[in-house]
Amino acid sequence: MLRDHTDAEARAALPLKWGAVPEGTIPAWVAEMDWHTAPAVTDAVTAALQRGVTGYAPFDDAGVGAAYAGFARRQWGWEVPPEASVPVPAVVPGLRLVLESLCPPGPVVVPLPCYPPFRDVVALAGREAVHVETDPDDPEAALDLAAVERAFAAGARTLLLCSPHNPLGRVARRAELEALRDLAAHHGARVVADEVHAPLTLPDGPAFTPYLAVDPRGIAVTSTTKSFNAPGLPCAQVVALDPEDRAVLQALPLVQTHGWSPLGAVASVAAWRHGDAWLAAVRDRVAANRDLLGTLLAAHLPLARTRRLEATYLAWLDLRAYAAPDGRGPDPVARAEAGGVRLGPGEDYHPGLPGHARLNLATSPDRLTEVVRRLGVALAPA
Ligand SMILES: Cc1ncc(COP(=O)(O)O)c(C=O)c1O
């Protein structure tokens, strides 16, 4: 059901992921998939283009909220009102808008490691970031709720949650989300949940719980662009259950919310409504690649450590055992690059944490096999 790109096709289709690396290097960095999006999306967007849908976005949500509500009901058994979604251009601008317009003044808790733009949006929103670290030596480690409580007690009033987590690939358990909700309520803080990876929760792991299903005061931001590999068709949604929150967003100057594309909305509606079977094939491929990665690491990089991936196609690798003992010389990510593989440097996700990398598994098994083979050669002790 998935249509993989050859290298030449991928280079043409994914100009950021493949265009940023020299010919011959395999890109396993930015979160894009090396295959076509769902036929349901391509068909809907092609038909819309043929109808001449190239105008401005409308004032309403173009049906995105109702389509999302159907998806949430089928996939997670969660009832969310269609009117809860407010379209925004993309997830990260949506997070910024929410921080600026809906979150109480005060510092923002940003758990580390984090998707790097989390730190940027907090800075752009003029807020101080308070970092809560996840123990890199504990492969089971979850959000440190005791540290979150200390941060709230010291004045932080917002927490940026990545659920499921990029880059740890972890699905937050319902009980953890309930405990977080209770802490936030106690301190008058709000949780903003980036749930863009939720449709990619893997079939054999814990179930995804939408944050708003446990905390109606929370705000979620999501889109289909990550799980359906279509970030070039911009459309995301802020999901807010409180009508007053939505009224605040809807009253913002148009320049702050507009910029989402009507074609992006067509893609989102098609994906939320008709993408389940394709998405199931993606999840199966990612789960199979995760298992393949385990086998390949054992063969080529036995000292690498990783967490069991519960969601997303992004594996978090601890390569500290392959760093030079005295900390001198190129780090594992630089050596991987020299060996023909572009990884996401761990320091981008967790400043100050050496020897980690993010590896993108959304590719063919053959390419993944070649990636790990190359890493084994590049990182082999001299
Ligand atoms: C957690 C997370 N949020 C947001 C995004 C990007 O979303 P957008 O392109 O809609 O801003 C990504 C992309 O990888 C991501 O991993």
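Thresholds applied
- Residues numbered from 1 in each chain as written.
- Predicted model: local features only at pLDDT ≥ 70, side-chain atom pairs only at ≥ 80, totals over all residues.
- Heavy atoms only, no water.
- Near = heavy atom within 4 Å.
- Polar contact = N/O pair within 3.5 Å; in protein donor to acceptor, adjacent residues only side chain to side chain.
- 1 Å grid on protein atoms, 1.4 Å probe; cavity = no way out; pocket = protein on both sides within 12 Å on 5 of 7 lines; lining within 4 Å.
- Sits in = over half its atoms within 2 Å of the grid points.
- Nonpolar A, V, L, I, M, F, W, Y, C, P; charged D, E, K, R; others polar.
- Pairing = 2+ DSSP bridges.
- Helix = DSSP H or I, 4+ residues; strand = E, 2+ residues; numbered from the N terminus.
- Axes fitted to C-alpha atoms, helices over the stretch in contact; angles between N-to-C directions.
- Contact = heavy atoms within 4.5 Å.
- Buried < 20%, exposed > 50% of the residue type's maximum accessible area, 1.4 Å probe, protein only.
- UniProt positions renumbered as here; feature names shortened; annotations may be inferred.
- Parallel < 35°, antiparallel > 145°, perpendicular 65-115°, else oblique.
- Left-handed = near helix turned anticlockwise from the far one by under 90°.

Chemist: Residues and numbers for the site of the ligand, please.
Modeler: Residues in close proximity to the ligand include Ala 31, Ala 90, Val 91, Val 92, Tyr 115, Cys 162, Asn 166, Asp 194, Val 196, His 197 and Lys 226, which together make up its full environment. Take Asn 166: an N or O atom from its side chain is 2.7 Å from an oxygen atom of the ligand. The side chain of His 197 places a nitrogen or oxygen atom 2.8 Å from an oxygen atom of the ligand. Assessed atom by atom at 2 Å from the grid points, the ligand resides in the largest pocket. Partitioned by chemical class, the residues of the shell around the ligand number 7 nonpolar, 2 polar and 2 charged.

Chemist: Hey, could you go over the sheet that holds strand 2 (residues 85-88) for me, with residue numbers and the actual values?
Modeler: Strand order across the open sheet formed by 7 strands is 2-8-7-6-5-3-4, with mixed pairing between neighbours. Of all the strands in the sheet, the pair left with one neighbour each is strand 2 and strand 4 (129-133). For this sheet the average axis-to-axis angle between neighbouring strands, irrespective of direction, equals 25°. Two elements, strand 3 (residues 108-112) and strand 4, share 5 bridges in a ladder whose sense is parallel. When the bridges of strand 4 are listed, Leu 112 appears paired with Glu 133. Taken strand by strand, helix 3 (residues 64-76) contacts strand 2, strand 7 (219-222) and strand 8 (236-240), and its axis lies near 70° from that of strand 8.

Chemist: Go over the sheet that holds strand 10 (residues 314-318), please, and point to the residues and values.
Modeler: Strand order in the open sheet formed by 4 strands is 9-10-13-12, with antiparallel pairing between adjacent strands. Of all strands in the sheet, those with a lone pairing partner are strand 9 (305-306) and strand 12 (344-345), marking the two edges. Bridge count between strand 12 and strand 13 (residues 356-360): 2 bridges; the pairing is antiparallel. For Gly 344, the partnering residue across the bridge sits in strand 13 and is Arg 358.

Chemist: An account of the pairing of strand 10 is requested, with residue identities and associated values reported.
Modeler: Most of strand 10 sits out of view: 5 of its 5 residues are buried. Burial along strand 10 is two-sided: the face carrying Leu 314, Trp 316 and Asp 318 and the face carrying Ala 315 and Leu 317 are both buried. Note: strand 9 against strand 10, 2 bridges, orientation antiparallel. Bridging from a neighbouring strand, Arg 305 pairs with Asp 318 of strand 10. In terms of strand pairing, strand 10 meets strand 13 through 5 bridges, oriented antiparallel. Its bridge partner lying in strand 13, Ala 315 is registered against Leu 359.

Chemist: With reference to specific residues and values, describe the UniProt feature "domain: Aminotransferase class I/classII large" (unreviewed entry) in the chain.
Modeler: Annotation from UniProt places "domain: Aminotransferase class I/classII large" (unreviewed entry) at residues 37-375. Within the segment residues 37-375, helix and strand shares are 42% and 14% respectively, and the terminal C-alpha atoms sit 28 Å apart.

Chemist: Can you tell me about the packing of helix 12 (residues 276-300) against helix 15 (residues 365-379), naming the residues and giving the values?
Modeler: Remark: helix 12 packs on helix 15, axes separated minimally by 10 Å, with the N-to-C direction vectors making an angle of 25°. Looking at the two axes, helix 12 sits roughly parallel to helix 15. When you trace helix 12 past helix 15, the crossing you get is right-handed. Counting all contacts with helix 12, which are made through Arg 285, Asn 289, Leu 292, Leu 293, Leu 296, Leu 297 and His 300, the residues of helix 15 involved are Pro 365, Leu 368, Thr 369, Val 372, Arg 373 and Gly 376.

Chemist: Tell me about the pairing of strand 5 (residues 158-162), and please be specific about residues and values.
Modeler: Among the 5 residues that make up strand 5, 5 are buried, leaving the element largely enclosed by the rest of the structure. Burial along strand 5 is two-sided: the face carrying Thr 158, Leu 160 and Cys 162 and the face carrying Leu 159 and Leu 161 are both buried. Where strand 3 meets strand 5, 2 bridges bridge the pair, whose relative direction is parallel. Across the sheet, the residue bridging to Val 109 is Leu 159, located in strand 5. Sheet topology note: the strand 5/strand 6 (residues 190-194) ladder contains 5 bridges and is parallel. Within strand 6, the position partnered with Leu 161 by the bridge is Ala 193.

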